[in-house]
Amino acid sequence: MRLGLLIAILFGVAALAAGLVIGLYYHKKSGAGEIKLIGEVARVDTKLDPEGTVIVFGELWRAKSRSGASIAAQTRVRVVGFEDHLTLVEVCD
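These numbers come from a predicted model, not from an experiment.

Reading the values: the criteria
- Residues numbered from 1 in each chain as written.
- Predicted model: local features only at pLDDT ≥ 70, side-chain atom pairs only at ≥ 80, totals over all residues.
- Heavy atoms only, no water.
- Pairing = 2+ DSSP bridges.
- Helix = DSSP H or I, 4+ residues; strand = E, 2+ residues; numbered from the N terminus.

K.L.:
Account for the pairing of strand β3 (residues 59-65), naming residues and giving values.
P.N.:
Direction of pairing for strand β2 (residues 51-56) relative to β3: antiparallel, over a ladder of six bridges. What sits directly across from V54, in β3, is W61. Hairpin geometry of β2 and β3 is characterised by an intervening segment of two residues between the two adjacent antiparallel strands and by a positive phi of about 55° at F57.

Quick look at the structure:
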């Protein structure tokens, strides 16, 4: 009786763990698709001097000022391209 209960509990825990792994797999972001951020407006999260972070569509991206100039936090910027693993931005007019 106890062995059957133990097996049922272990099976249930394994099923929950498998469900969690499968759920996380389907929720992950794909890094293989085309990035369609060029032209989008972002907000500087940490000062770009010339590198920092920006928020685009609620996501945090590492960014760099295209001109190399410093851009203060909370400034609205536009995504103009990508260089290496950085988003290139410039100040919105």
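Continuing now.
K.L.:
Which residues make up the pairing of β2, and what values go with them?
P.N.:
For strand β1 (residues 41-46) and β2, the ladder comprises three bridges, and the chain directions are antiparallel. Directly across from T46, in β2, lies its bridge partner T53. Linkage of β1 to β2, two consecutive antiparallel strands, is achieved through a turn of four residues.

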